[in-house]
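Next come the chains, spelled out residue by residue.
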Amino acid sequence: MYVIVLNYRAPLEKIDALKEAHYANPDGVFATGMARLAGPLRPRTGGVIIADGDRSAIEAAVACDPFVTSGAATAEILRFDPTWTAPRLPTGRAPEA
């Protein structure tokens with residue numbers, strides 16, 4: 001599994017304008033089914049995606065993400081090997097802080 005850390009480099013207005021393209025990108029981690037969990041950091045300085053798949057496929061998906069291709073965000077891909085899982089992961093959105 002991989003943790004993809006997006007660090008925003010553009011104002012939130014640009015990030016928000018690219019959000020639909022980020023999720024809908026046909027070659028991205030969401031459309032290809034690699035994303036398992038995702039959400040923004042608080043404060044909104046970036047986001048995190050937990051993804052599963054082949055590293056080269058994840059790298060390719062991240063490289064063509066509209067946040068990255070536009071220069072609005074940089075991405076770091078970190079591999080980790082889960083050794084523990086909670087009995088049930090929370091679903092839905094976290095309350096606004």
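Anyway, here's the lowdown on the structure attached to this text. (Residues numbered from 1 in each chain as written. Predicted model: local features only at pLDDT ≥ 70, side-chain atom pairs only at ≥ 80, totals over all residues. Heavy atoms only, no water.)

## What to know about the sheet that holds strand E3 (residues 46-51)
By way of backbone hydrogen bonds, the strands of a sheet pair with one another, either parallel or antiparallel. Heads up, the rule is: Here, a strand pair is defined by DSSP locating no fewer than two bridges between the strands. A run of H or I in DSSP becomes a helix once it reaches four residues, and a run of E becomes a strand once it reaches two; helices and strands are each numbered from the N terminus. Orientation is described by axes fitted as lines to C-alpha atoms, over the contacting stretch for helices, and by angles from 0 to 180 degrees between their N-to-C directions. Only heavy atoms enter the contact rule, under which two residues are in contact if any of them lie within 4.5 Å.
With respect to topology, four strands assemble into an open sheet ordered E2-E3-E1-E4, the strand pairing being antiparallel. Lying at the two open borders of the sheet, with one neighbouring strand each, are strand E2 (35-40) and strand E4 (73-79). Ignoring strand direction, the axes of neighbouring strands in this sheet form an average angle of 15 degrees. Alignment of strand E1 (residues 2-8) against E3, held across six bridges, turns out to be antiparallel. The residue bridging Leu6 from the neighbouring strand is Gly47, located in E3. In the packing of helix H2 (residues 55-63) onto the sheet, the strands contacted are E1, E3 and E4, and the crossing angle to E4 comes to about 170 degrees.

## Some thoughts on H2
Just so we agree on the cut-off: Residue exposure (1.4 Å probe, protein chains only): buried if accessible area is under 20% of the type maximum, exposed if over 50%, otherwise partly exposed. By definition, the arc is the one covered by directions from the helix axis to the C-beta atoms.
Listed as buried for H2 are Ile58, Ala61 and Val62. The arc that holds every buried residue of H2, seen down its axis, measures 95 degrees, which confines them to one face.

## Looking at the nonpolar core
Test applied: Here the nonpolar core consists of buried residues drawn from Ala, Val, Leu, Ile, Met, Phe, Trp, Tyr and Cys, with membership extended through side-chain atoms lying within 4.5 Å.
Ranked by internal contacts, the top residues of the largest apolar core, which has 19 residues, are Ile4, Val29, Ile49, Ile58, Val62, Phe67 and Ile77. Mapped by element, the contributors of at least two residues to this core are E1, helix H1 (12-24), E3, H2 and E4. Considering each element in turn, this core owes the most residues, four residues, to E1. Sequence-distant contacts of Ile4, defined by excluding residues within four places in its chain, comprise Val29, Gly47, Val48, Ile49, Ala51, Ile58, Val62, Ala75, Glu76 and Ile77.

## Digging into the packing of aromatic side chains
Under the convention used in this document: Between the rings of Phe, Tyr and Trp (Trp by its six-membered ring), a pair exists once the centres lie within 6.5 Å; its type follows the angle of the planes, with under 30 degrees stacked, over 60 edge-to-face, and the other angles tilted.
One pass over the structure, following the stated rule, counts two aromatic pairs. With 6.0 Å between their ring centres and 80 degrees between their planes, Tyr8 and Phe67 make a pair best called edge-to-face. Taken together, the residues span a long stretch of sequence, with Tyr8 in strand E1 and Phe67 in helix H3 (residues 66-69) at a distance of 59 residues. Using a relative accessible area of 14% as the deciding quantity, one classes Tyr8 as buried. Between Tyr23 and Phe30, the aromatic rings sit 4.9 Å apart at their centres with planes inclined by 65 degrees, giving edge-to-face as the arrangement. Since its relative accessible area comes to 24%, Phe30 is described here as partly exposed.

## Overview of H1
Quick note on the threshold: Multiplying one less than the number of residues by 1.5 Å gives the expected span of a helix. One axis is fitted to the seven residues ending at the residue and one to the seven starting there. The bend at that residue is the angle between these axes.
When the terminal C-alpha atoms of H1 are compared, their 19 Å separation across 13 residues agrees well with the 18 Å that a helix rising 1.5 Å per residue should span. Of all the bends in H1, the largest measures some 45 degrees and sits at Leu18. Every buried residue belonging to H1 is among Ile15, Leu18 and His22, and all of these are buried. In the core, the buried residues of H1 are packed alongside E1, E3 and H3.

## Here we look at the side chain of Asp65
What counts, and what does not: Under the convention used here, Asp and Glu are negative, Lys and Arg are positive, and both His and the chain ends fall outside the count. We define a salt bridge as a side-chain nitrogen of Lys or Arg found within 4 Å of a carboxyl oxygen belonging to Asp or Glu. Pairs of N or O atoms are called polar contacts if they sit within 3.5 Å, as long as, within protein, a hydrogen donor faces a hydrogen acceptor (for residues adjacent in sequence, only side-chain-to-side-chain pairs).
Relative to the elements of secondary structure, Asp65 occurs in the loop between H2 and H3. Buried and without a salt bridge, Asp65 has Lys14 as its closest oppositely charged side chain, separated by 11 Å. A distance of 2.7 Å separates a polar atom in the side chain of Asp65 from the backbone nitrogen of Phe67. When sequence neighbours within four positions are dropped, the list of residues in contact with Asp65 reads His22 and Asn25.

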